[in-house]
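Below are the chains, spelled out letter by letter.
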Amino acid sequence: MTTLYLVRHGETVDNVNQIMQGQTQGELTEEGIRQAEQLAEEMRHVPIDVFVASDLKRSIDTCRIIARQHGKDVVTTPLLRERDWGGFTGRFIPSLKDEVWPDDIETLEALLSRASRFLSFVRVHYPDRRVLAVGHGIINKAIQAVFFGKTMREIPRMMNAEVRVLEV
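It should be emphasised that the depicted structure is a prediction, and the values quoted were computed from it without experimental measurement.

Draft legend 1. Quick peek at the overall build of the protein. The helix and strand tally for the protein stands at five helices and five strands. Each helix and strand of the protein, placed in order from N terminus to C terminus, yields the pattern β-α-α-β-α-β-α-β-α-β. In terms of its C-alpha atoms, the protein occupies a principal-axis envelope of roughly 45 × 35 × 25 Å. Counting every position in the protein, which comprises 168 residues, the buried fraction comes to 48%. Relative to all contacts within the protein whose residues are 6 or more apart in sequence, the contacts with residues 24 or more apart total 73%. By element, 51% of the accessible surface of the protein is carried by carbon and sulfur atoms, the whole surface being about 8400 Å². Within the protein, one finds 22 positive and 24 negative side-chain charges whose respective centroids are separated by 3 Å.

See the structure below:
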């Protein structure tokens, strides 16, 4: 059985400014770096075989900070990218409340399918290993929804640099 330590990236500039980041690269704030360093310290004695991150900068940077404690490199995958928010990307989140969703937002079905493919990727490539994977709020929620057979709404929101453990 593979142990998956699912992590959300540290706080970003756009998190603070309530901007819909989607699949933009993102930049960690000083607090985001501190959060990643704190998680790295907490996980210092946890044996991790593989470090995987979304191919977006905010996740790679978070994962590298954690992996540094273990002397390991980071593997990246687009399967862990945040949901593509299409025309909502870069917009101020509170202003989107009553807006009609544009057609270019990644569908829930596509998101859940990508989450399922990520779980399969981990099982196939890292059987019986301990994998720390740094993703994003919505894709991590989708991964957990698929894993637990629940709806996205049933999965509690992950805070920045939070870790949840799944035995996949």
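More follows now that the structure is in view.
Draft legend 2. Inspection of helix α4 (residues 108–125) at higher detail. Counted at 1.5 Å a residue, the expected span for α4 with its 18 residues is 26 Å, and the 25 Å between its end C-alpha atoms agrees. Turning to α4, its buried residues are Leu111, Arg114, Ala115, Phe118, Leu119, Phe121 and Val122. Taken end-on, α4 shows its buried residues confined to a sector of 155°, consistent with a single buried face. Facing away from the buried side of α4, by more than 90 degrees, are the exposed residues Glu109 and Val124. Check the buried side of α4 and you find it contacts β1 (3–8), β2 (50–54), β3 (74–77), β4 (130–135) and α5 (137–148).

Draft legend 3. Highlighting the packing of α4 against α5. The geometry of α4 relative to α5 is characterised by a closest axis approach of 8 Å and an angle of 75° between their N-to-C directions. With respect to each other, α4 and α5 are oriented roughly perpendicular. For the pair α4 and α5, the contacting residues are Leu111, Leu112, Arg114, Ala115, Ser116, Phe118, Leu119 and Arg123 in the first and Ile138, Ile139, Ala142, Ile143, Ala145, Val146 and Phe147 in the second.

Draft legend 4. Looking closely at the sheet that holds strand β5 (residues 163–167). Judged by pairing direction, the sheet is mixed, and its five strands sit side by side in the order β3-β2-β4-β1-β5 without closing on themselves. Two strands in the sheet have a free side with no partner beyond their single neighbour: β3 and β5. Between one strand axis and the next, the sheet turns through 25° on average, direction left out of account.

What counts and what doesn't
Every chain is numbered independently, its residues counted from 1 as its sequence is written. Per-residue local features are limited, in this predicted model, to residues with pLDDT of at least 70; the limit for side-chain atom pairs, both in listing and counting, is 80 or more; totals at the level of whole chains, interfaces and linings are taken over all residues. Just so you know, side-chain values use all the structure's heavy atoms and leave hydrogens and water out. Strands are runs of DSSP state E lasting at least two residues, helices are runs of H or I lasting at least four, and both sets are numbered from the N terminus onward. A 1.4 Å probe rolled over the protein chains alone gives each residue an accessible area, and that area as a share of the maximum for its type sets the label: buried under 20%, exposed over 50%, partly exposed in between. Contacts are assigned to residue pairs with any non-hydrogen atoms lying within 4.5 Å of each other. Note on areas: Shrake-Rupley, 1.4 Å probe, and residue coverage restricted to the protein chains presented here. Positive charges are assigned to Lys and Arg, negative charges to Asp and Glu, while His and the chain termini are left out of the count. Taken as the charge centre is NZ of Lys, CZ of Arg, CG of Asp or CD of Glu, depending on the residue. A helix's residues, less one, multiplied by 1.5 Å, set its expected span. The directions from the helix axis to the C-beta atoms form the arc being described. Fitted lines through C-alpha atoms serve as axes, helices being fitted only where they are in contact, and the angles separating the N-to-C directions of these axes extend from 0 to 180 degrees. An angle below 35 degrees is treated as roughly parallel, one above 145 as roughly antiparallel, one from 65 to 115 as roughly perpendicular, and anything else as oblique. A strand pair is defined by DSSP finding two or more bridges across the two strands.

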